[in-house]
Amino acid sequence: RLIEQFPPVKVAPIFCGEPVSVVTRVEAIYTKSFKMHQRIVNTVTGEIKSECATIMVSFDPITQTSTNLSENWIKAISDYEGRNLITAHDKNEKI
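The shown structure was predicted, so the numbers you read here are calculated from the model rather than taken from an experiment. (Residues numbered from 1 in each chain as written. Predicted model: local features only at pLDDT ≥ 70, side-chain atom pairs only at ≥ 80, totals over all residues. Heavy atoms only, no water.)

Draft legend 1. Representation of helix α1 (residues 71–81) in the model. Those residues of α1 that sit buried are I74, I77, S78 and E81. Seen from one end, α1 has its buried residues packed into an arc of 95 degrees, which puts them on one side. Turned more than 90 degrees away from the buried face of α1, the exposed residues are N72, K75 and Y80. Packed against the buried residues of α1 are β1 (20–29) and β2 (33–42). (Buried < 20%, exposed > 50% of the residue type's maximum accessible area, 1.4 Å probe, protein only. Helix = DSSP H or I, 4+ residues; strand = E, 2+ residues; numbered from the N terminus. Arc of directions from axis to C-beta. Contact = heavy atoms within 4.5 Å.)

Right under this line is the structure:
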């Protein structure tokens, strides 16, 4: 299963002018997709305002099907994150 549940996070309102930043990291890379975790954080207090997980799928708009991630993408993402993100997966992966 690609999508995992995060423990509940208390979300807080964001007010106009509040200093916030979106923090994004890739958690895992699969054959045709990768999983990202994102947080909106107050840059002064460090308070987490919101949090989500997203699955991004490599897609060919011409054939209208998912495609394998290229080795260049996998290397670039892993290098940026500073760690190996390749995750063991079922060969029958649907995404």
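Draft legend 2. Inspection of the pairing of strand β3 (residues 48–57) at higher detail. Looking at chain direction, β2 and β3 are connected through 9 bridges and run antiparallel. Its bridge partner lying in β3, Q38 is registered against C52. A loop of 5 residues connects β2 with β3, the two strands running antiparallel in sequence, and G46 in this loop sits at a positive phi of about 80 degrees. (Pairing = 2+ DSSP bridges.)

Draft legend 3. Here's a closer look at the pattern of salt bridges. In total, this model carries 7 salt bridges according to the counting rule given. When the shortest N-O distance is used, the salt bridge between E18 and K49 registers 2.9 Å. Separated by 31 residues along the polypeptide, E18 in the segment before β1 and K49 in strand β3 bring together distant segments of the chain. K49 shares its class with E18; the two are buried. (Salt bridge = Lys/Arg side-chain N within 4 Å of Asp/Glu carboxyl O.)

Draft legend 4. Expanded view of the sheet that holds β3. Here 3 strands make up an open sheet; going across it, the order is β1-β2-β3 and the pairing antiparallel. Single-partner strands in this sheet number two, and they are β1 and β3. Pairs of neighbouring strands in the sheet enclose a mean axial angle of 20 degrees, with direction left out of account. α1 rests against β1 and β2 of the sheet, and its axis sits at about 125 degrees to β1. (Axes fitted to C-alpha atoms, helices over the stretch in contact; angles between N-to-C directions.)

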